[in-house]
Amino acid sequence: MRTPQDPYPSKLYVETTTRCNLRCSMCVKQTKGSRIPELDMQMEIFEKLKPAFPHIDTLILNGVGEPLLARKLVAMIERARNLMKLDAVISFQTNGMLLTFELAKKLVGAGLDRICISVDMVDESGVFHGGEDIGHITHAFEYLRRASEIMGRKVSIGVEFVLMRDNAASLPYSLQWAAEQGAEFALVTHILPYGDTMAGQELFNPNTEKSLAEYERWLTEAKERELNLEKYFQVLWNVKNTENDMKLVNFVNEHVKVALSKGIPMHLSYLMQWTTEEKRTEQAWLATIFEKARKVAEKYKMDLTLPPITAAYERKCDFVEQGVAHITPTGDIHPCYFLWHEYSCFMDGDIKKVTPRTFGNVLDSSILEIWNSEEYQDFRTQVLKYEYPYCTNCSVVPCVDVTGHNDPFEMDCYGTPVPCGHCLWCMGGIRCLL
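These remarks concern the structure in this document. All residue numbers refer to position in the chain's written sequence, counted from 1. Since the coordinates come from a predicted model, pLDDT governs what is reported: local features require at least 70, and pairs of side-chain atoms require 80 or more to be given and counted, while whole-chain, interface and lining totals use all residues. Hydrogens and water molecules were not included; the side-chain quantities draw on all heavy atoms of the structure.

## Some points on the overall build of the protein chain
Looking only at helices and strands, the protein chain features 15 helices and 16 strands. Just to be clear, the radius of gyration here is over C-alpha atoms, and the globule rule we use is 2.2 Å times residues to the power 0.38. Taking 434 residues into account, the globule formula puts the C-alpha radius of gyration at 22 Å, and the protein chain, at 23 Å, falls close to it. Taken along its principal axes, the extent of the C-alpha atoms in the protein chain is 80 × 55 × 35 Å. The cut-offs for exposure are 20% and 50% of the maximum accessible area for each residue type, with area from a 1.4 Å probe on protein chains only; residues under the lower value are buried, those over the upper are exposed, and the others partly exposed. Within the protein chain, the fraction of its 434 residues that count as buried is 57%. Note that His is not counted, nor are the chain ends; the positive residues are Lys and Arg, and the negative ones are Asp and Glu. Charge placement uses NZ in Lys and CZ in Arg. For Asp and Glu, CG and CD serve respectively. Computing the positive centroid from 46 side-chain charges and the negative centroid from 58, the protein chain places the two 3 Å apart. Here a strand is any run of E in DSSP of at least two residues, a helix any run of H or I of at least four, and the numbering for each starts at the N terminus.

Below, the structure written as structure tokens:
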């Protein structure tokens, strides 16, 4: 793991464009609270990243837009390739629809090492991304394979799959299809709903695995004592309770205190929701799909990254741990994908307004000066302490500290100045190309 004091970033996420040729319903750009202007990065700004290029291991040339629309994409790859280490990787993610054979040759010749094609579902009726039929992207795989052969440079091809209730069952078949097209790796991620209309598609269990294990233990003990935990909220505020009702209230309250003393967060209503027979069946169904996906990946020797089904107790910020810096088309530097733009998402039954966290602009200061600034180092230090609350596993979520309804985030209820306690990336649910 990188330290906050490391003098150089190891990975740069460079947003070459915010424009896109699709209008996917689950995309942040299509949401009501999105404030993302349509821009292309100019070479003048890309050149300002030059001091970091000799030191980084990975350059990822995409953000919320479609990189193949970036007018200077090939020139950027060529410029970076000449400045980066021989074993450093240049990559980007794309819907693949705009790729031609001529462009594939230019990209490979310029120094592209890895490309990830977004495919959200493949079944007998076609290939889809964001609800769009993109069946003709089979040509993209072919163009990349042929370009690699002609240019004499190996390019690793992969796919990304955004997991939703409507497409989850197609995952094993989608991976098989991708492998047969030449995909060597696959990245699967849960969806981050950007509005309430997409919330019903989410399959990620927000309770941490420790919280669930603790609650399962309670259920067993309560059953032995002939107590029904599901009735807890029904009797909690009653003026008059039976003796058995009081036993239930005392049982839960005492067990909550013990769990919290052990550092285990307990959101009782969420735990009850996610341990119903219906939810247990759904989670078992998803686990079966994941197992089938693993077998497909093993058969085709595909490098498969699957997200957890339930939230991780041991939180992890891949962006800060791996020394990532994110640069927008205008040259602003941000710490992670979550805090890259101004937008709204839907978490814990409410709209959450996200305010970007910017540490400087490369037109005003050197990228290395910004990276090593006291403010940016302090931010990375705070993130890696992992001392923020488990917001989604808190009984008062969503609170104004994290939703941003009144004002932009300043600190959480622990007094921590980083908004990572309410981040699906940190909980393991959302994965990005890294």
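Picking up after the structure, the text goes on.
## What to know about the side chain of S211
For S211, the position within the fold is in helix α7 (residues 209-224). Classification of S211 by relative accessible area gives buried; the value is 0%. The contact criterion used throughout is that any non-hydrogen atoms of two residues lie within 4.5 Å. Excluding residues that lie within four positions of it along the chain, S211 makes contacts with I264, P265, M266, L271 and N393.

## Some remarks on the pattern of salt bridges
Salt bridges are defined as contacts in which a side-chain nitrogen from Lys or Arg sits within 4 Å of a carboxyl oxygen from Asp or Glu. In the structure shown here, the tally under the stated rule is 20 salt bridges. Where D57 meets K85, a salt bridge forms, and the shortest distance between an N and an O atom there is 2.7 Å. In this pair, D57 is assigned in the loop between α1 (43-47) and β2 (58-60) and K85 in the loop between α2 (73-83) and β3 (89-94), connecting sequence segments 28 residues apart. Its salt-bridge partner being R153, residue D113 comes within 2.8 Å of it at the nearest N-O pair. Here R153 lies in the loop between α4 (138-151) and β8 (156-163) and D113 lies in the loop between α3 (101-110) and β4 (114-118), a separation of 40 residues in the sequence.

## Digging into the environment of V418
Within the secondary structure layout, V418 lies in the segment after α15 (400-403). Sequence spacing of V418 and S373 is 45 residues, and the spatial spacing of their C-alpha atoms is 17 Å. Not counting the four nearest positions on each side in its chain, V418 is found in contact with F379, Q382, V383, Y388, F409 and D412.

## A closer look at the pairing of β8
Burial analysis of β8 places 8 of its 8 residues in the buried class, which makes it a mostly covered element. By this definition, two strands are paired if DSSP reports at least two bridges between them. Of the pairings in the sheet, the one linking β4 to β8 comprises 5 bridges and is parallel in character. In the strand pairing of β8, I117 is matched with V159. Of the strand pairs in this sheet, β8 and strand β9 (residues 185-190) are connected by 6 bridges, and their pairing is parallel. Across the sheet, the residue bridging to L163 is H190, located in β9. The handedness of a crossover follows from its direction of travel: if, with the strands pointing away from the viewer, the path from the first strand over the helix to the second runs clockwise, the crossover is right-handed. Between β8 and its parallel partner β9, the chain crosses via helix α5 (residues 171-181), and the hand of that crossover is right-handed.

## Observations regarding the packing of α5 against helix α11 (residues 277-299)
Between α5 and α11, whose axes approach to 8 Å, the crossing angle comes to 15 degrees. In terms of orientation, α5 and α11 fall into the roughly parallel class. When the axes of α5 and α11 are compared, the crossing they make is right-handed. Facing α5, whose interface residues are L171, P172, L175 and Q176, α11 presents I289, F290, K292, A293 and V296. In this analysis, axes come from line fits to C-alpha atoms, helices being fitted only over the stretch in contact, and the angle between any two N-to-C directions falls in the range 0 to 180 degrees. Reported orientations rely on four angle classes, namely roughly parallel under 35 degrees, roughly antiparallel over 145, roughly perpendicular from 65 to 115, and oblique for the rest. Note: crossing handedness is left-handed where the near helix turns anticlockwise from the far helix by less than a right angle, and right-handed where it turns clockwise.

## Considerations on the nonpolar core
Counting 113 residues, the largest nonpolar core has L12, Y13, F46, L59, L171 and F319 as the members making the most contacts within it. If sequence neighbours within four positions are ignored, L12 has contacts with L49, A52, F53, I56, T58, L59, I60, A325, I327 and I367. Grouped together as the second largest cluster of nonpolar side chains are 20 residues, L212, L229, L236 and L248 included. By nonpolar core we mean a set of buried residues, namely Ala, Val, Leu, Ile, Met, Phe, Trp, Tyr and Cys, connected to one another through side-chain atoms within 4.5 Å.

## A few points about the sheet that holds strand β13 (residues 324-327)
Strand order in the open sheet formed by 9 strands is β11-β9-β8-β4-β3-β2-β1-β13-β14, with mixed pairing between adjacent strands. Two strands close off the open sheet at either side, each with one partner strand: β11 (303-305) and β14 (333-334). Examined bridge by bridge, β2 and β3 share 3 bridges and lie parallel to one another. Following the sheet pairing, T58 is matched in β3 by V89.

## Brief notes about unusual backbone geometry
Residues V397 and P398 are joined by a peptide bond in cis, for which omega reads 0 degrees. Relative to the helices and strands, P398 resides in the loop between α14 (374-385) and α15. The backbone phi angle of E226 is positive, close to 60 degrees, even though this residue is not glycine. Here E226 is to be found in the loop between α7 and α8 (232-235). Notably, D348 is not glycine yet its phi reads approximately 55 degrees, a positive angle.

## Thoughts on empty space enclosed by the protein
Put simply, the grid is 1 Å and covers the protein atoms alone, a cavity is a trapped set of points that fit a 1.4 Å probe, a pocket is an open set with protein on both sides within 12 Å along at least five of seven lines, and lining residues have an atom within 4 Å of a point. Grid points are joined across faces, edges and corners, and a volume is the space filled by probe spheres set on the points. Counted under the stated rule, the structure contains 4 cavities of 30 Å³ or more. The computed volume of the second largest cavity comes to approximately 90 Å³. Taken together, 13 residues make up the lining of the second largest cavity; nearest its centre are C317, F319, C336, C420 and C423. Considering only residue class, the lining of the second largest cavity consists of 12 nonpolar, no polar and 1 charged. Residues are grouped as follows: Ala, Val, Leu, Ile, Met, Phe, Trp, Tyr, Cys and Pro are nonpolar; Asp, Glu, Lys and Arg are charged; every other residue, Gly included, is polar.

## What about the state of the cysteines?
Note on terminology: disulfide denotes any pair of cysteine sulfur atoms within 2.5 Å. Overall, the coordinates contain 0 disulfides when judged by the stated rule. C391 provides the cysteine sulfur closest to C399, a residue in no disulfide bond, and the two sulfurs are 6.2 Å apart. The class of C399 is partly exposed, set by a relative accessible area of 23%. No disulfide involves C413; its sulfur sits 6.1 Å from that of C394, the nearest cysteine.

## Considering the packing of aromatic side chains
Between the rings of Phe, Tyr and Trp (Trp by its six-membered ring), a pair exists once the centres lie within 6.5 Å; its type follows the angle of the planes, with under 30 degrees stacked, over 60 edge-to-face, and the other angles tilted. For the structure on display, the rule yields 16 aromatic pairs. Centre to centre, the rings of F141 and W177 are 5.5 Å apart; their planes meet at 90 degrees, and the pair counts as edge-to-face. Note that F141 is positioned in helix α4 and W177 in helix α5, a separation of 36 residues in sequence. In terms of burial, F141 and W177 fall into one category: buried. On the numbers, 5.3 Å between centres and 65 degrees between planes, the contact of F359 with F379 is edge-to-face. Pair noted here: F359 is in the loop between β16 (350-354) and α13 (367-371) and F379 is in helix α14, with a separation of 20 residues, a long-range link. F379 carries the same exposure label as F359, and that label is buried. Each residue in the set Y13, Y337, F338, W340 and W425 is aromatic and connected to the rest through ring pairs, giving one cluster.

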